[in-house]
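Listed below are the residues making up each chain.
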Amino acid sequence: MAKKKIKINKTILAIILIIIALVIVLNLSNILDNVGSAIKKDGESAAIVNGEKVSMDELNSRYALLTGSSAQQLISKDDFLDQLIEEKLLIQEADKAGIDVDDEVVEDYIEQLMEESLITKEQLEIQLETAGMSFKEFGEYYKNNMIVRLFLNNSFNNIEVN
């Protein structure tokens, strides 16, 4: 009977060692994935969506707009990148559907935002610079936002519920 206990102990020990080895391998894999993503520098691609680059600069500046809000605590940078990818896909589909927004409409919208917020263009530019975004990028952000909304509205307006 003593020999059986030794065999069981060796089997249990072997199983425990295999489990420990798997845990180490899985953790090492996650660590290497995180190191690989941390190595990406500004200017490099965070993602490529149907040939269109999402740069680390764009990801970082757009994510920085969430700074100071509770949104950064709720959404990781990886999840935010997923949202940017979805946005790019929607914009590409809107482009295929011929949906666009005039720059003048965007400029009027931004002026309206500034009036409602009681800030000047210079004050807005300072706030944007602090967040790592230029006024031009801010305009492009709103233009893309408007295009996506128009595309989605057009897509869902044709749906009939019976």
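Since we're looking at a predicted model, the values are computed, not measured.

Chemist: Please give an account of the overall build of the chain that cites residues and values.
Modeler: Check the secondary structure of the chain and you find seven helices and two strands. Along the chain, helices and strands appear, N-terminal first, in the series α-β-β-α-α-α-α-α-α. In the chain, buried positions account for 24% of the 162 residues. Within the chain, counting contacts between residues at least 6 apart in sequence, those at least 24 apart form 54% of the total. In the structure as shown, the chain presents an accessible area of about 12100 Å², 57% of it carried by carbon and sulfur atoms.

Chemist: Describe the nonpolar core, listing the residues and the values that go with them.
Modeler: Residues Val 106, Ile 110, Leu 124 and Phe 138 are the most contacted members of the largest nonpolar core, which totals 14 residues. Mapped onto this core, the elements with two or more residues apiece are helix H5 (103-117), helix H6 (121-130) and helix H7 (135-157). Of the residues forming this core, the biggest block, five residues, is contributed by H7. Counting residues in hydrophobic clusters, the runner-up holds twelve residues, among them Val 49, Met 56, Leu 59 and Leu 66.

Chemist: So what's going on with the pairing of strand S1 (residues 45-49)? Which residues, and what values?
Modeler: Two faces, one strand: in a regular strand the side chains alternate between the faces of the sheet. Here four bridges tie S1 to strand S2 (residues 52-55), and the two strands are oriented antiparallel to one another. Considered in S2, the bridge of Ser 45 is made with Ser 55. In this antiparallel pair of consecutive strands, S1 and S2, the connection spans two residues, and Asn 50 shows a positive phi of 50 degrees.

Chemist: Lay out the packing of helix H2 (residues 56-64) against helix H4 (residues 77-96) in plain terms, naming residues and giving numbers.
Modeler: Two numbers describe how H2 lies on H4: the axes approach to 10 Å, and their chain directions differ by 110 degrees. With respect to H4, the element H2 is oriented roughly perpendicular. Contacts from Glu 58, Leu 59, Asn 60, Arg 62 and Tyr 63 in H2 reach Lys 77, Phe 80, Leu 81, Leu 84, Glu 87 and Lys 88 in H4.

So, how was this worked out
- Residues numbered from 1 in each chain as written.
- Predicted model: local features only at pLDDT ≥ 70, side-chain atom pairs only at ≥ 80, totals over all residues.
- Heavy atoms only, no water.
- Helix = DSSP H or I, 4+ residues; strand = E, 2+ residues; numbered from the N terminus.
- Buried < 20%, exposed > 50% of the residue type's maximum accessible area, 1.4 Å probe, protein only.
- Contact = heavy atoms within 4.5 Å.
- Areas by Shrake-Rupley, 256 points an atom, 1.4 Å probe, with all protein chains shown as cover.
- Core = buried A, V, L, I, M, F, W, Y, C linked by side-chain atoms within 4.5 Å.
- Pairing = 2+ DSSP bridges.
- Axes fitted to C-alpha atoms, helices over the stretch in contact; angles between N-to-C directions.
- Parallel < 35°, antiparallel > 145°, perpendicular 65-115°, else oblique.

Just distances and angles here, no functional claims.
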